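Topology and contacts: notes
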Amino acid sequence: MQKGIFITFEGNDGSGKTTISTKVYETLKNKGYPVLYTREPGGIEIAEQIRSIILDPNNTEMDARTEALLYAASRRQHLIEKVLPALKQGKIVLCDRFIDSSLAYQGVGRNIGMKEVFDMNAFAIEGHMPDVTIFLSVSLKTGMKRVAQRGNLDRMDQESMEFHKRVAEGYESVKLKYADRMVMIDAEQEMEKVYEATLRQVEEIIKRYDKRTVS
Ligand code: TMP
């Protein structure tokens, strides 16, 4: 039986997900929570290798369904090798992106269809959905501005504004469809405020879900 808590972080590019989730992870770890931080695509060797294929800006020929399959393949391996064993040990797993990203980016961004992408992912995840999803909400304008400041842009970052607009629309549908597990954070604020709000929410989730994990 699953004992841990599976918390995913989602949001458009430039929402600050990685900065915030790693900072929340460090704080929880220092407070003595049994917490694991990981990310998608990646988090383990095989999935990191798949990540570099997907994000390589030279792979301009990649077909949309090939891309969706590669994300799902990396998801499967990462889930089996890292996430599920940690949950079994009672850990709080903080995962930067999961299936919602595929629904928004491949389902809507790439026009494959959310249902098609969900069904294909169902094979990969065998019912293991997140317990809670922290959604960092940012406007397209702010998100794109932050991405542009990063320098090295990967194959997804280099996509058109139209693509990123569709991804944002995709996330709107995901938020409605899975409203029960969504926790919304205003990521338009300065990063310190976003961090504080996220930490507060995550600590509440931990209390609510599993009092056993609080030291
Ligand atoms: P990252 O920048 O958050 O590490 O993610 C890499 C890129 O991959 C980002 O642009 C979002 C994209 N992505 C998808 O398109 N589908 C997915 O299923 C996942 C996990 C990420």
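The structure reproduced in this document is the subject of the present report. (Residues numbered from 1 in each chain as written. Predicted model: local features only at pLDDT ≥ 70, side-chain atom pairs only at ≥ 80, totals over all residues. Heavy atoms only, no water.)

Counting buried positions over the six residues of strand β4 (residues 132-137) gives five, a clear majority of the element. For strand β1 (residues 5-10) and β4, the ladder comprises four bridges, and the chain directions are parallel. When the bridges of β4 are listed, Glu 10 appears paired with Phe 135. Pairing of β4 with strand β5 (residues 182-186), which is carried by five bridges, proceeds in the parallel orientation. Counted as the bridge partner of Leu 136 is Ile 185 from β5. (Buried < 20%, exposed > 50% of the residue type's maximum accessible area, 1.4 Å probe, protein only. Helix = DSSP H or I, 4+ residues; strand = E, 2+ residues; numbered from the N terminus. Pairing = 2+ DSSP bridges.)

Burial within β1 is extensive, with six of its six residues counted as buried. The two faces of β1 match: Ile 5, Ile 7 and Phe 9 on one face and Phe 6, Thr 8 and Glu 10 on the other face are all buried.

Empty space within the largest pocket amounts to approximately 590 Å³. Around the largest pocket sit 29 residues that line it, and Asp 13, Lys 17, Thr 18, Arg 51 and Arg 97 are the ones nearest its centre. Of all the secondary-structure elements, those providing two or more residues to the lining of the largest pocket are α1 (17-30), α2 (45-55), α3 (64-88) and α4 (99-109). Counting residues per element, the lining of the largest pocket draws most heavily on α4, at four residues. Residues that form the lining of the largest pocket fall into these classes: seven nonpolar, 10 polar and 12 charged. (1 Å grid on protein atoms, 1.4 Å probe; cavity = no way out; pocket = protein on both sides within 12 Å on 5 of 7 lines; lining within 4 Å. Points joined across faces, edges and corners; volume = space filled by probe spheres on them. Nonpolar A, V, L, I, M, F, W, Y, C, P; charged D, E, K, R; others polar.)

Lining the immediate environment of the ligand, one finds 14 residues, of which Tyr 71, Arg 75, Arg 97, Ser 102 and Gln 106 sit closest. Here the ligand has 470 Å² of accessible area as a free molecule, and 95% of this is covered by the chains. When atom positions are compared with the pocket grids, the ligand is found to occupy the largest pocket. Sorting the residues of the shell around the ligand by element identifies α2, α3 and α4 as the ones contributing at least two each. No other element matches the four residues that α4 contributes to the shell around the ligand. Residue composition of the shell around the ligand, by class: five nonpolar, three polar and six charged. (Near = heavy atom within 4 Å. Areas by Shrake-Rupley, 256 points an atom, 1.4 Å probe, with all protein chains shown as cover. Sits in = over half its atoms within 2 Å of the grid points.)

This paragraph deals with α3. Here α3 spans 34 Å end to end across 25 residues, near enough to the 36 Å set by a 1.5 Å rise per residue. The largest bend in α3 comes to about 50°, at Leu 79. Among the residues making up α3, those that are buried are Glu 67, Ala 68, Tyr 71, Ala 72, Ser 74, Arg 75, His 78, Leu 79, Val 83, Leu 84, Ala 86 and Leu 87. On the buried face of α3, the contacting elements are β1, β2 (35-39), α2, β3 (92-96), α4 and α5 (114-125). Residue Asp 63 occupies the N-cap position of α3, its side-chain oxygen lying 3.0 Å from the main-chain nitrogen of Arg 65. Residue Gly 90 follows α3 closely and has a positive phi angle near 85°. (Expected span 1.5 Å × (residues − 1). Bend = angle between axes of the 7 residues up to and from the residue. Contact = heavy atoms within 4.5 Å. Polar contact = N/O pair within 3.5 Å; in protein donor to acceptor, adjacent residues only side chain to side chain.)

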